[in-house]
Amino acid sequence: MGFEQLDSSKLKKFQRKVTLLSAAGTFLDGFDLTIIAVAMPLILEKWDVGPGLQGIITSAAVIGALIGAILLGNLTDKFGRKAMYVVDLLAFVVFAALTACSQSVWQLMLFGSTSNVGV
């Protein structure tokens with residue numbers, strides 16, 4: 001297979017779909033980071049959070065992505081990228097909702113990091 005096939009008109013729809021899905025994943029990561037940045041002043045008002053804990057809360061999504069990449073990447077090879085992408089999106093929605101309902105800082109960190117466990 002040469003590179004000529006990548007430029008052919010047969011793959012244009014597929015290329016657009018892959019590009020859109022890849023961009024959607026990046027968008028969700030950015031969305032997650034933006035939401036915690038906007039919510040941080042409200043979190044500080046509600047709970048007594050020191051600077052160290054504040055940093056952990058803010059970076060929980062990135063920590064979750066790192067843990068997911070290390071521990072769950074093999075599942076993608078086993079079950080396929082498409083299936084695991086759907087699982088990842090469903091997990092994002094469920095844990096983002098749980099993050100919104102957090103009753104403590106620890107729940108916020110747990111759900112926030114779990115919502116971004118990309119596989």
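Reading the values: rules and limits
- Numbering of residues begins from 1 in every chain and follows the order in which that chain's sequence is written.
- With pLDDT at 70 or above as the cut-off, local features in this predicted model cover only qualifying residues; side-chain atom pairs require 80 or more to be listed or tallied, and sums for whole chains, interfaces and linings still use all residues.
- To get the side-chain values, take all heavy atoms of the structure and skip hydrogens and water.
- Buried Ala, Val, Leu, Ile, Met, Phe, Trp, Tyr and Cys residues form a nonpolar core when they are joined through side-chain atoms within 4.5 Å.
- Throughout, exposure labels follow a simple rule: accessible area from a 1.4 Å probe, protein chains only, divided by the maximum for the residue type, with under 20% read as buried, over 50% as exposed, and the rest as partly exposed.
- We count a stretch as a helix when DSSP gives it H or I for four or more residues in a row; a strand needs E for two or more, and each element gets its number in order from the N terminus.
- The contact criterion used throughout is that any non-hydrogen atoms of two residues lie within 4.5 Å.
- pLDDT is defined as a per-residue confidence score from the predictor, taking values between 0 and 100.
- A patch is a set of surface residues, each over 30% in relative accessible area and not in a salt bridge, joined within 9 Å for like charges and within 5 Å for the nonpolar side chains Val, Leu, Ile, Met, Phe, Trp and Tyr.
- Accessibility throughout is a Shrake-Rupley quantity obtained with a 1.4 Å probe, and a residue counts as covered only by protein chains that appear here.
- Any Lys or Arg side-chain nitrogen found within 4 Å of a carboxyl oxygen on Asp or Glu counts as a salt bridge.
- Two aromatic rings from Phe, Tyr or Trp, using only the six-membered ring of Trp, form a pair when their centres are within 6.5 Å; if the ring planes differ by under 30 degrees the pair is stacked, by over 60 it is edge-to-face, and anything between is tilted.

**Considerations on the nonpolar core**
Okay, so step 1: Ile36, Met40, Ile43, Trp47, Val49, Ile57, Val105, Leu108 and Met109 form the largest nonpolar core, which has nine residues in total.
Okay, so step 2: For this core, the elements supplying multiple residues, two or more each, are α1 (12-46) and α4 (105-114).
Okay, so step 3: If we skip the residues at most four places from it in the chain, Ile43 touches Ile36, Val49, Ile57 and Leu108.

**Section: the confidence of the model for the protein chain**
Okay, so step 1: Looking at the protein chain as a whole, its pLDDT mean stands at 81, while 87% of the residues score no less than 70.
Okay, so step 2: Here α1 stands out as the least confident element of the protein chain, with mean pLDDT 83; helix α2 (residues 51-79) is the most confident, with 85.

**Digging into a nonpolar patch on the surface**
Okay, so step 1: A cluster of nonpolar residues, Ile56, Ile63, Leu66, Ile67, Ile70 and Leu71, forms a patch on the protein surface that exposes about 580 Å² of accessible area.
Okay, so step 2: Inspection of the secondary structure assignment puts Ile67 in helix α2.
Okay, so step 3: What makes Ile67 partly exposed here is its relative accessible area of 41%.

**What about the packing of aromatic side chains?**
Okay, so step 1: For the structure on display, the rule yields two aromatic pairs.
Okay, so step 2: Between Phe27 and Phe31, the aromatic rings sit 6.3 Å apart at their centres with planes inclined by 25°, giving stacked as the arrangement. Of this pair, Phe27 and Phe31 both sit in helix α1, four residues apart, which is roughly one turn of that helix.
Okay, so step 3: Between Phe95 and Phe111, the ring centres sit 6.4 Å apart and the planes meet at 35°, which makes this aromatic pair tilted.

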